Amino acid sequence: MEWLNDPEVRCYLGRNFPPLNLRRERKWIENLYKDRNSVTFGVVLKESDKLIGSTGFGNIDWRNRRAAFGIAIGDKPEWSKGYGAEAIKLVVRYGFDTLNLNRILLHVFDHNPRAMRAYGKAGFVKEGFGRIAT
Ligand SMILES: CC(C)(COP(=O)(O)OP(=O)(O)OC[C@H]1O[C@@H](n2cnc3c(N)ncnc32)[C@H](O)[C@@H]1OP(=O)(O)O)[C@@H](O)C(=O)NCCC(=O)NCCS
C-alpha cells in the first residue's frame, strides 16, 4: 500500500486507481488466487527474504496465448541494482516455458528510461508509441 501510494513509484504505473487503503489492498491480495487470468509473484531478495516488489502477468488470454506483463519494485533504495532486470527475465521465461505463452506485451511511459532499459535487457522490443498508456 505504501509503495503504490508513493508518487515516485505511482507516476510510472499509469494505473487509474484512487489512493489505496489497507482494506482495499488486502482485498486485492485475497482475490489474487481467484483470478484465473493473472499470475502474480513477489520480488524477494535472496539473502534476506525481504519483499521489495511484485511482478507477473495480467489479462492472460489462454486461447491466443498472450498476456500483459507488469512489475513494480516499490522499495526505492533497491532500484537500479539489477533486481528488476533479473526478475523480468525470470518471469518472462516462466511465461514462455511454463505458461506456454507466445506473446508478452507491456506499456511503459517514455519518462521511464530505467524500466525501458531493464525491459530491453530481458528481450522486449519496441513496437510503437501511443499517446495514452493503459
Ligand atoms: C522499472 C524497474 C522494474 C527496474 O528495475 P531496477 O532493478 O530498478 O532496474 P535494473 O537495475 O534491473 O536495470 C535498470 C537499468 O536502467 C539503467 N538506468 C537507470 N536509470 C536510468 C536512466 N535515467 N536512464 C537510462 N538508463 C537508466 C540502469 O543503469 C540499468 O541498466 P544497466 O544494468 O545496463 O546499467 C524498477 O525500477 C521499478 O519497479 N520502478 C518503479 C515502477 C516502474 O517503473 N515499473 C515499471 C512500469 S512499466
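Residues numbered from 1 in each chain as written. Predicted model: local features only at pLDDT ≥ 70, side-chain atom pairs only at ≥ 80, totals over all residues.

**Describing the overall build of the protein chain**
To keep it simple, the criterion reads: Elements are defined by DSSP. Helices are runs of H or I of four residues or more, strands are runs of E of two residues or more, and each kind is numbered from the N terminus. In this description the radius of gyration comes from C-alpha coordinates, and the expected globular size is given by 2.2 Å times residues to the power 0.38. Counts of 20 or more other C-beta atoms within 10 Å of a residue's own C-beta define buried residues, counts of 12 or fewer define exposed ones, and intermediate counts define partly exposed ones; C-beta atoms are placed from the backbone. Placing C-beta atoms from the backbone, we regard two residues as in contact once those atoms come within 7 Å.
Helix and strand content of the protein chain: five helices and four strands. The secondary structure elements of the protein chain, listed N-terminal to C-terminal, are α-α-α-β-β-β-α-β-α. Relative to its length of 134 residues, the protein chain is compact, with a C-alpha radius of gyration of 15 Å against a globular reference of 14 Å. Seen along its three principal axes, the alpha-carbon backbone of the protein chain occupies a region of about 40 × 35 × 35 Å. Looking at the protein chain as a whole, 19% of its 134 residues qualify as buried. Contacts spanning at least 24 positions in sequence make up 45% of the contacts within the protein chain whose residues lie at least 6 apart.

**A short note on the environment of N102**
Following the sequence through the fold, N102 ends up in the loop between helix 4 (83-97) and strand 4 (103-105). N102 sits 35 residues away from A67 along the chain, and the two C-alpha atoms are 8.8 Å apart.

**As for the environment of I60**
Looking at the element boundaries, I60 is found in strand 2 (residues 51-61). Taking the C-alpha atoms as reference, I60 lies 8.2 Å from R36; in sequence the two are 24 residues apart. The contacts of I60, once residues within four sequence positions are left out, are N37, S38 and A67.

**Side note on the pairing of strand 1 (residues 39-44)**
Stated formally: Two strands form a pair only when DSSP identifies at least two bridges running between them.
Sheet topology places strand 1 next to strand 2; six bridges connect them, and they run antiparallel. The residue bridging F41 from the neighbouring strand is T55, located in strand 2. Counting the residues that bridge the hairpin from strand 1 to strand 2 gives six residues, and of these D49 lies at a positive phi of roughly 65 degrees.

**Overview of unusual backbone geometry**
Negative phi values dominate among residues other than glycine, just as trans dominates among peptide bonds. A positive phi angle, close to 50 degrees, is found at N59, a residue other than glycine. Tracing the chain through its elements places N59 in strand 2. C-beta crowding within 10 Å serves as the criterion here: with 14 such atoms nearby, N59 is assigned to the partly exposed category. Phi is positive for R65, close to 60 degrees, though the residue is something other than glycine. Position of R65 among the secondary structure elements: in the loop between strand 2 and strand 3 (66-73). With 15 C-beta atoms counted inside 10 Å, the residue R65 sits in the partly exposed group.

**Quick look at the site of the ligand**
Test applied: To decide nearness, the C-beta atom of each residue is placed from the backbone, and the residue is near a molecule or strand if that atom lies within 6 Å of it. In the scheme used here, Gly and all other residues not listed as nonpolar or charged are polar, with Ala, Val, Leu, Ile, Met, Phe, Trp, Tyr, Cys and Pro taken as nonpolar and Asp, Glu, Lys and Arg as charged.
As a matter of local geometry, the ligand sits amid 21 residues, with Y12, G84, A85, P113 and R117 nearest to it. For the shell around the ligand, the elements supplying multiple residues, two or more each, are strand 3, helix 4 and helix 5 (113-121). Class assignment of the residues belonging to the shell around the ligand gives a composition of 13 nonpolar, five polar and three charged.

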